[in-house]
Amino acid sequence: MIKVGLLGFGGLGQAAARVLAPKGEMIWTAVADHKGYAQNKAGLDYDTLIKIYHKQGSVGFLAPDGILSSHSIQDVIKQASVDGYFLALPNLPNTFMADVARQFINSGWRGVLVDALKRTSAVEQLLALQDELQQAGITYLTGCGATPGLLTAAAAIAAQSYAEIHNVTITFGVGIANWEAYRATIREDIAHLPGYDVEKATAMTDVEVEALLNETNGILTLENMEHADDVMLELAGICSRDRVSVGGVVDTRNPKKPLSTNVKVTGRTFEGKISTHTFTLGDETSMAANVCGPAFGYLKAGISLHRRGIYGLFTAAEVMPQFVR
Ligand code: NAD
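What you see is a predicted model; the values in this text were computed from it and never measured.

### Looking at the pattern of salt bridges
Thinking step 1. Counting across every chain of the model gives ten salt bridges.
Thinking step 2. In this structure, Asp189 and Lys118 form a salt bridge, with 3.4 Å as the shortest nitrogen-oxygen distance. Note that Asp189 is positioned in helix α8 (residues 183-190) and Lys118 in the loop between β6 (111-115) and α5 (120-127), a separation of 71 residues in sequence. Here Asp189 matches Lys118 in class, with each residue buried.

Printed below as a string of structure tokens:
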């Protein structure tokens, strides 16, 4: 049984706990949010924790397994029994996830880490930690959500039909009922809009985000985003990063997707034919399903690497996720 910890219990962290609940191969043993953490080797209960988080604002209020703490990540690493963590944390500021990785390295903890990072510059900060992760005995899989993640991996597979890749175009449609369920995701998306950056989006109050969304009728249209699918496909040797583009539409007021999420991979076959493979996600699948499923698939793959003594940093385009039963 793989013992799993969740860092972050917002939109994705909560969905991740629900994804885990029926699994036979994984057990959820630890969780941390901004104000506290909870851990239990025998497993945590989703229904109980969700009630506590909504009513009291932190999983740290869980009795008797919760503790309130202003350095919950540091504490949970020390106290909990976990083989692999899914880092469902906001990457705000843009250096946050790399800082968390350093906390793991410095703690002496060994195991598997998986993130759903989005920005190229954020993944590049982790690439710089390659040697330190390896020496620490940590197997870290980065960019393991939907995009980057599922769609990047699909592009890596689709590329195999071609002798040369001309372009990879990812277009996502996300529908969520209200932006407050995914505060970090929406702030990080706003940071890609013309006139905004990560600092500006981080500093926005909830009221300011609300006002911006009111102006656009709840819709965010994103083009030519700085998305790590590019560096991941470049590192995997598939194409140079300038051939990868990512954009999409997010509707923050309607769970129905505004468009079908897809990746198109155009290339030239060995016979000289130019063609495009398209992989389209089912419209009924939510962002949460397409992020958390792959994240745990990569976590399972990471565990098998770790057990074979293979440590260091890998991306979702380099390793095949395994299916978690
Ligand atoms: P959210 O705002 O809903 O929740 C964030 C959680 O992290 C909260 O529980 C908060 O308490 C906790 N947290 C914040 N700071 C903390 C700290 N210092 N210590 C401990 N806990 C802390 O976030 P979300 O919308 O679920 O997004 C999480 C991340 O997932 C974002 O970075 C987002 O960009 C990413 N994401 C990736 C993809 C993908 O396809 N790759 C898709 C969606 C979201």
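### Thoughts on the sheet that holds strand β9 (residues 219-222)
Thinking step 1. Spatially, five strands are ordered β9-β10-β8-β11-β12 in an open sheet, and the strand pairing comes out mixed. Of all strands in the sheet, those bounded by a partner on one side alone are β9 and β12 (274-280). Between one strand axis and the next, the sheet turns through 10° on average, direction left out of account.
Thinking step 2. Note that strand β8 (residues 164-175) and strand β11 (residues 262-268) share seven bridges and pair antiparallel. Looking at the pairing, Thr171 lines up with Asn262 of β11.
Thinking step 3. Relative to β9, α8 is tilted by about 50°, and along the sheet it contacts β9 and β10 (244-251).

### Let's talk about the site of the ligand
Thinking step 1. The immediate surroundings of the ligand are formed by 29 residues, with Phe9, Leu12, Tyr53, Thr185 and Glu188 found nearest.
Thinking step 2. Between His34 and the ligand, the recorded distance is 3.0 Å, taken from a backbone N or O atom to an oxygen atom.
Thinking step 3. The contact in question runs from an oxygen atom of the ligand to an N or O atom on the side chain of Tyr53, over 2.7 Å.
Thinking step 4. Counting residues per element, the ones that place at least two in the shell around the ligand are α1 (11-20), α3 (72-79), α8 and α12 (287-307).

### Side note on the sheet that holds strand β2 (residues 26-33)
Thinking step 1. Ordered by their spatial adjacency, eight strands build an open sheet running β4-β3-β2-β1-β5-β6-β7-β13, and the pairing between neighbours is mixed. Single-partner strands in this sheet number two, and they are β4 (66-68) and β13 (312-315). Adjacent strand axes in the sheet meet at a mean angle of 20° when their direction is disregarded.
Thinking step 2. Contacts from α1 reach β1 (2-7), β2 and β5 (84-87), with the element oriented near 160° to β1.
Thinking step 3. Strand contacts of α3: β1, β2, β3 (36-39) and β5, with the helix running at about 20° to β3, the strand carrying the most contacts.

### Overview of the environment of Ser70
Thinking step 1. The residue Ser70 is located in the loop between β4 and α3 in this model.
Thinking step 2. Here Ser70 falls in the exposed class, since its relative accessible area comes to 69%.
Thinking step 3. Sequence separation between Ser70 and His34 is 36 residues; the distance between their C-alpha atoms is 7.2 Å.

### Regarding unusual backbone geometry
Thinking step 1. Cis rather than trans, the peptide bond between Ala63 and Pro64 has omega equal to 0°.
Thinking step 2. In this fold, Pro64 is placed in the loop between α2 (46-56) and β4.
Thinking step 3. Cis geometry marks the peptide bond from Leu92 to Pro93; its omega dihedral reads 0°.
Thinking step 4. Counting through the fold element by element, Pro93 comes out in the loop between β5 and α4 (96-107).
Thinking step 5. Residue Asn217 is not a glycine yet carries a positive backbone phi of 60°.
Thinking step 6. The backbone of Asn224 shows a phi angle near 40°, a positive value even though the residue is not glycine.

### Description of the UniProt feature "active site" (unreviewed entry) in the protein
Thinking step 1. Per the UniProt record, "active site" (unreviewed entry) is found at Lys118, Glu188 and His192. Taken together, the annotated residues stretch across 75 residues yet fold into one region, lying no more than 11.1 Å apart by C-alpha. Checking the annotated residues one by one, the ones that line the largest cavity turn out to be Lys118 and Glu188.
Thinking step 2. Residue contacts for Glu188: discarding those within four places in its chain leaves Pro90, Asn91, Leu92, Lys118 and Arg119.
Thinking step 3. Within polar-contact distance, the side chain of Glu188 engages the backbone nitrogen of Asn91 at 2.9 Å.
Thinking step 4. Looking at His192, the relative accessible area reads 15%, which means it is buried.
Thinking step 5. In contact with His192, other than residues within four places in its own chain, are Arg119, Leu222, Met225 and Glu226.

### Digging into the layout of surface pockets
Thinking step 1. In this model, the second largest pocket occupies a volume close to 440 Å³.
Thinking step 2. If you list the elements that add at least two residues to the lining of the second largest pocket, you get α7 (150-158), β11, β12 and α12.
Thinking step 3. For the lining of the second largest pocket, a count of residues per class yields 17 nonpolar, six polar and one charged.

Calculation notes
- Note that residues are indexed from 1 along each chain, following the sequence as it is written.
- The model is predicted, so local features are restricted to residues of pLDDT at least 70 and side-chain atom pairs to those at 80 or more, both for listing and for counting; the totals for chains, interfaces and linings are taken over all residues.
- Side-chain numbers here rest on the full set of heavy atoms in the structure, without hydrogens or water.
- The term salt bridge refers to a pairing of a side-chain nitrogen on Lys or Arg with a carboxyl oxygen on Asp or Glu at a separation within 4 Å.
- In DSSP terms, a helix is any run of H or I states spanning at least four residues, a strand is any run of E spanning at least two, and both are numbered starting from the N terminus.
- Three labels apply to residues, based on accessible area from a 1.4 Å probe with only protein chains included: buried if under 20% of the type maximum, exposed if over 50%, partly exposed otherwise in between.
- Strand pairing is defined by DSSP finding a minimum of two bridges between the two strands.
- Helix axes are fitted to C-alpha atoms over the stretch in contact, other axes to C-alpha atoms as well, and angles between N-to-C directions run from 0 to 180 degrees.
- Contacts: residue pairs with any heavy atoms within 4.5 Å of one another.
- By convention in these notes, a residue is near a molecule or strand provided one of its non-hydrogen atoms lies within 4 Å of it.
- Counting of polar contacts relies on pairs of N or O atoms within 3.5 Å, with two restrictions inside protein: one atom must be capable of donating a hydrogen and the other of accepting it, and residues adjacent in sequence are counted only when both atoms are side-chain atoms.
- UniProt positions are given in the numbering used here, feature names are shortened, and annotations may be inferred rather than shown by experiment.
- Within this scheme a cavity is a closed region of a 1 Å grid, computed over the protein atoms alone, that accommodates a 1.4 Å probe without allowing it to escape, whereas a pocket is open but has protein on both sides within 12 Å along at least five of seven lines; lining residues each have an atom within 4 Å of a point.
- Grid points are joined across faces, edges and corners, and a volume is the space filled by probe spheres set on the points.
- Amino acids outside the nonpolar list (Ala, Val, Leu, Ile, Met, Phe, Trp, Tyr, Cys, Pro) and the charged list (Asp, Glu, Lys, Arg) are all regarded as polar, and Gly is one of them.

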